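# Chain and residue survey
Each chain, letter by letter, is given below.
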Amino acid sequence: MSWLKLFPVSELPMGYSRSFQHEQLGVEVGIFHTPDGLFAIENTCPHHEASLSDGPVKQGVVYCPMHFWRFRLQDGFCFTGPQFHLKTYAIEIREGHVWLNTVGLVLDQPPSSPV
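A quick note: this is a predicted structure, and the numbers were derived from the prediction, not measured. (Residues numbered from 1 in each chain as written. Predicted model: local features only at pLDDT ≥ 70, side-chain atom pairs only at ≥ 80, totals over all residues. Heavy atoms only, no water.)

### Description of the overall build of the chain
Cut-off, in case you're wondering: Put simply, DSSP marks the helices as runs of H or I at least four residues long and the strands as runs of E at least two long, and each gets a number from the N terminus on. For each residue, the accessible area found with a 1.4 Å probe, counting protein chains only, is set against the maximum for its type, and the residue is called buried under 20%, exposed over 50%, and partly exposed in between. Throughout, a residue-residue contact means that at least one pair of heavy atoms, one from each residue, lies within 4.5 Å. Residue-level accessible areas treat just the shown protein chains as cover; the underlying method is Shrake-Rupley with a 1.4 Å probe.
If you tally the helices and strands in the chain, you get zero helices and ten strands. When burial is assessed residue by residue, the chain has 41% of its 115 residues classed as buried. In the chain, once contacts between residues fewer than 6 apart in sequence are set aside, the share between residues at least 24 apart is 40%. Carbon and sulfur atoms make up 50% of the accessible area of the chain, which amounts to about 6600 Å² in all.

### Looking at the sheet that holds strand E10 (residues 97–101)
Spelled out, the test is: Paired strands are those between which DSSP finds at least two bridges. Only the stretch in contact is used when a helix axis is fitted, and all axes are lines through C-alpha atoms; the angle between N-to-C directions ranges over 0 to 180 degrees.
Pairing is antiparallel in the open sheet, where three strands are placed in the order E1-E10-E9. With one partner strand each, in any of the chains shown, strand E1 (3–8) and strand E9 (91–94) form the two edges of the open sheet. Across this sheet, the average inter-strand angle for adjacent strands is 30°, counted without regard to direction. Here E1 runs beside E10; their pairing, made up of five bridges, is antiparallel. Directly across from Lys5, in E10, lies its bridge partner Trp99.

### Description of unusual backbone geometry
Within the chain, Glu49 stands out as a residue other than glycine whose phi angle is a positive 60°. With respect to the helices and strands, Glu49 occurs in the loop between strand E4 (37–42) and strand E5 (57–58). At Gln59, a residue that is not glycine, the phi angle is positive and equals roughly 50°. Position of Gln59 relative to the elements: it lies in the loop between E5 and strand E6 (61–63).

### Section: the sheet that holds strand E2 (residues 17–21)
Taken together, four strands build an open sheet; the order of strands is E2-E3-E4-E8 and the sheet is antiparallel. What marks the edges here is a single partner per strand, and that holds for E2 and strand E8 (88–89).

Here it is, written out as structure tokens:
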């Protein structure tokens, strides 16, 4: 895995999100600090390209701020249609900083819908 040191975790308080872009990634990543932990997901909604990090998060699901498409932060599942799932990235806190796996977690098939 290839890890990238992003920023001090103190710059992303619980309940907040932000976007991050780096030439090594090729895409903008939304980083979300929730009560369930940190999550990193492609930041662009496939519907009308809104920035997901600007949307509200409820129970592990981010809502697109434009038309409220919903994406599960854990695995990128899109509740509108599995063909719209997003890439997720491993993320962790080390020595007070947020680190992102730049390889991402590419799924061979869309994640399954919730039970």
